[in-house]
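Here's the letter readout for the chains.
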Amino acid sequence: MSFLGKVWAIVVKDLAAELHTREMVSAMLVFSVLSLLIFSFALDLRGAMARAAAPGVLWATVAFAGTLGLSRSLTRERQTGCIDGLLLAPVDRSAIFFGKALGNLIFMAVVEIVLLPLFSALFDASLLRPGMLLVTALGMVGYATVGTLLASIAVNTRAREVMLPVLLLPLAIPLLIAAVQATSGLVEGASLGEVGGGLRLLVVYDLVVVAVSLLTFGYVVEE
Amino acid sequence: MGEKRGVLGLVLASAGAAALMAALGMVFLYAPREATMGDVQRIFYFHVASAWVGFFAFCVTFLAGIGYLVRGERRWDILALSSVEIGLTFITMTVITGALWARPVWGVYWTWEPRLTISAVQLLVYVAYQMLRASVESPERRARFAAVYGIVAFATVPLSWFAIRWWRTIHPDILTGGEGMAFTPRMSHTLVVSLLAFTLLYATLLRQRIRLERSSDALALLRARQPTN
C-alpha cells in the first residue's frame, strides 16, 4: 500500500464513522449557526456594519466550531481504542497524522460550504468569490493541521476537551489575523494580488505548522 | 565540584545584584530626561529589558524542548520548565510596564500596539503551556507534551509578530529612528546596562529554579525508597 493509500484509508475510516453517527459535522453546523446569531445580536449587526464585521465573525465562528470538531475527532479515536490499532498497524506515523488532519479538514470544509452562502445572505457581504476559495482553503489547512496535533495532545490530558481551545487559539492568532485581513480585502472588492500580504502569511503559517507537526507528531503518540 | 558550583552561583548572583543597582542608578541619575514624554519614559529601560528576558526565556524553553525530544533526559525538561516560569514572570512585567507607560503617553492603558500585543499573546501561549503541564499526570508524558507544545508555540511566535505588526503599528520605533523618541548615547548606555542586568538576573533565577527542581526530584526519590509505616 502506498503512502497516499494509507493516508486515504484513514480518511475513509473517519468519513465512514462520521456518516454513521453524523455527530461531528451536525454539532459543528448547529454551533456555527448559533454563533452567527449570537454575534448578530451581541454586536447588533445590520447594513454596512454587518458587512464590515462579516470576515471577523466568519473566522471566529470557524475557529470555535473547529475546536469542537477537532476535539470530537480525537476523543473518538481514544474512546474506541482505534488510535492504538492505528499505532500498531505497520504505517508511518506521518501517514496517521496526515490521515487524521485531512479528515478534519474535510469536516471543516463541509461546514464552510454551508457557512459561506449563509454569511453572504445574512450579512449582505459577497463571500462567494473565487479568491475566497483560496483564502478559506489556506486558512483551514493551517488550522486543521495545528489543531490535529494539539487535539492529539489534549485528549491525553486530565482536562481533555477543555484543554484544546486553550492550547490552540493563542497559536492560531497569526492565522486568524491573516485570514480576516485577506477576507476583508476580498469583501471590499480587492483583487487577489491586493491581499497578497495576508495570503503569503497564510502560506508561511501552513508550511511552518505542517513541518513542525510532522516532526513532532511521533513524539505525541509514542507510548 | 559542588563547592565550585556554589562559588559560581554566588559570583553570578553578586554580579546580577551589582548590575541591577548600576542599572537602577543609571535609569534615574545618568539617563537624560526624555524631551516629549518626560520622566515616565524611564520605565522604558526595564520594560525593554524584561521583554528581552521573556523572549529569551521562551527561546531557551524551545531549545530545551528539542533537547528533550532528541535525548529524552530529565535535565532538558527541568531547563524547559524553569525557563518558562521565569519567562512568564518577565513577560507579565513587560505587559504591565507597557500599560503603565501607555497611560500618560498615549492616554490609554491598553493600545493594540504590535510589541505590546505580541507580549500579551506570548503571555497567553505560555500560560497555556503551564496549564498543559499541570494537566498531565505522568512525568514522562508531561515532559514530552510540553516539549512539543513549546516547539510549536515558539515556531508561531515570529508569525504572530509579523501578523500583528502588519495589522497595526503606532509604537515609538527606537531602532530605526523613525517617529518617536530621540535616542541619545546616554540612553543607549543605560539600555545596555539594563539589558545586561536583567540577563544576569535571568541566569541567577534560572540556576536557582533548576536547583529547586533537582532537590524536589531527589526528595521524591528518597520518599519513594523509604518504606511506608
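### Re the overall build of chain B
Counting its secondary structure elements, chain B contains 6 helices and 0 strands. Along its sequence from the N terminus, chain B presents helices and strands in the succession α-α-α-α-α-α. Considering only C-alpha atoms, chain B reaches an extent of 70 × 40 × 30 Å along its principal axes. Evaluated residue by residue, chain B yields a buried proportion of 39% over its 229 residues.

### Thoughts on the confidence of the model for chain B
All names here are of chain B. Summarising the model, chain B shows a mean pLDDT of 87, and 91% of its residues fall at 70 or more. Considering each helix and strand of chain B separately, the mean pLDDT is smallest for helix 1 (residues 2–30), with a value of 86, and largest for helix 2 (residues 43–71), with 93. A low-confidence stretch, residues 175–179 stays under pLDDT 50, and its non-local contacts, those more than four residues away or across chains, total 2 contacts. Taken together, the chains of this predicted complex give a pTM of 0.89 and an interface ipTM of 0.91.

### Some points on the environment of A:G47
All names here are of chain A. In this structure, G47 sits in helix 3 (residues 47–79). Take G47: there are 9 C-beta atoms within 10 Å of it, and that puts it in the exposed class. A sequence separation of 76 residues divides G47 from F123, and the C-alpha atoms of the two residues are 7.5 Å apart.

### Notes on the packing of helix 6 (residues 130–154) of chain A against helix 5 (residues 139–167) of chain B
What describes two packed helices is the angle between their axes and the distance between those same axes. Where helix 6 of chain A meets helix 5 of chain B, the axes come as close as 11 Å, and the angle between the chain directions of the two elements is 160 degrees. Relative to helix 5 of chain B, the element helix 6 of chain A is oriented roughly antiparallel. In this structure, the crossing between helix 6 of chain A and helix 5 of chain B has a hand that is left-handed. Of helix 5 of chain B, the residues touching helix 6 of chain A (which contributes A:V146, A:L149 and A:I153) are B:F145, B:V148, B:Y149 and B:V152. Residue composition of the contact of helix 6 of chain A with helix 5 of chain B, by class: 7 nonpolar, no polar and no charged.

### As for the environment of B:Q122
All names here are of chain B. Tracing the sequence through the fold places Q122 in helix 4 (residues 114–134). For Q122, a count of 25 C-beta atoms within 10 Å corresponds to the buried category. Placed 34 residues apart in sequence, Q122 and L88 show a C-alpha to C-alpha distance of 8.5 Å.

### Details of the nonpolar core
In this structure, A:L167, B:Y149 and B:V152 are the most contacted members of the largest nonpolar core, which totals 133 residues. Here this core gets 14 residues from one element, more than from any other, and that element is helix 5 of chain B. Those residues within four positions of B:Y149 in sequence are excluded, and the remaining contacts are A:I153, A:L167, B:Y129 and B:L132.

### What about unusual backbone geometry?
Residues and elements named next belong to chain A. A positive phi angle, near 50 degrees, is found at D44, a position not held by glycine. For D44, the location among the structural elements is in the loop between helix 2 (23–43) and helix 3. One non-glycine residue, R160, lies in positive phi territory at about 50 degrees. Along the chain, R160 falls in the loop between helix 6 and helix 7 (163–171).

### Structural notes on the packing of helix 7 of chain A against helix 4 of chain B
Viewed as axis vectors pointing N to C, helix 7 of chain A and helix 4 of chain B meet at an angle of 150 degrees, and their least axial separation amounts to 9 Å. One way to sum up the angle between helix 7 of chain A and helix 4 of chain B is to call them roughly antiparallel. For the element pair helix 7 of chain A and helix 4 of chain B, the recorded crossing hand is left-handed. Every residue of helix 4 of chain B that contacts helix 7 of chain A at A:M163, A:V166, A:L167, A:P170 and A:L171 is listed here: B:V121, B:L124, B:V125, B:A128, B:M131 and B:L132. Of the residues that constitute the contact of helix 7 of chain A with helix 4 of chain B, the class distribution is 11 nonpolar, no polar and no charged.

### Details of the interface of chain A and chain B
On the side of chain B, 27 residues touch chain A, which itself brings 25 residues to the contact. Those elements that place two or more of their residues in the side of chain A that touches chain B are helix 6, helix 7, helix 8 (173–187) and helix 9 (196–221) of chain A. Take the side of chain A that touches chain B: its biggest share by element is 9 residues, from helix 9 of chain A. Along the lines of polarity and charge, the residues of the side of chain A that touches chain B split into 20 nonpolar, 4 polar and 1 charged.

### Let's talk about the confidence of the model for chain A
Atom-level detail of predicted coordinates should not be read off regions where pLDDT is low. Across chain A, the average pLDDT comes to 90, with 100% of residues at or above 70. Here helix 4 (residues 82–88) of chain A stands out as the least confident element of chain A, with mean pLDDT 86; helix 7 of chain A is the most confident, with 94.

Thresholds, definitions, all that
- Residues numbered from 1 in each chain as written.
- Chains lettered and ligands numbered in written order.
- Predicted model: local features only at pLDDT ≥ 70, side-chain atom pairs only at ≥ 80, totals over all residues.
- Helix = DSSP H or I, 4+ residues; strand = E, 2+ residues; numbered from the N terminus.
- Buried ≥ 20, exposed ≤ 12 C-beta atoms within 10 Å, placed from the backbone.
- pLDDT = per-residue confidence, 0-100.
- Contact = placed C-beta atoms within 7 Å.
- Axes fitted to C-alpha atoms, helices over the stretch in contact; angles between N-to-C directions.
- Parallel < 35°, antiparallel > 145°, perpendicular 65-115°, else oblique.
- Left-handed = near helix turned anticlockwise from the far one by under 90°.
- Nonpolar A, V, L, I, M, F, W, Y, C, P; charged D, E, K, R; others polar.
- Core = buried A, V, L, I, M, F, W, Y, C linked by C-beta atoms within 7 Å.

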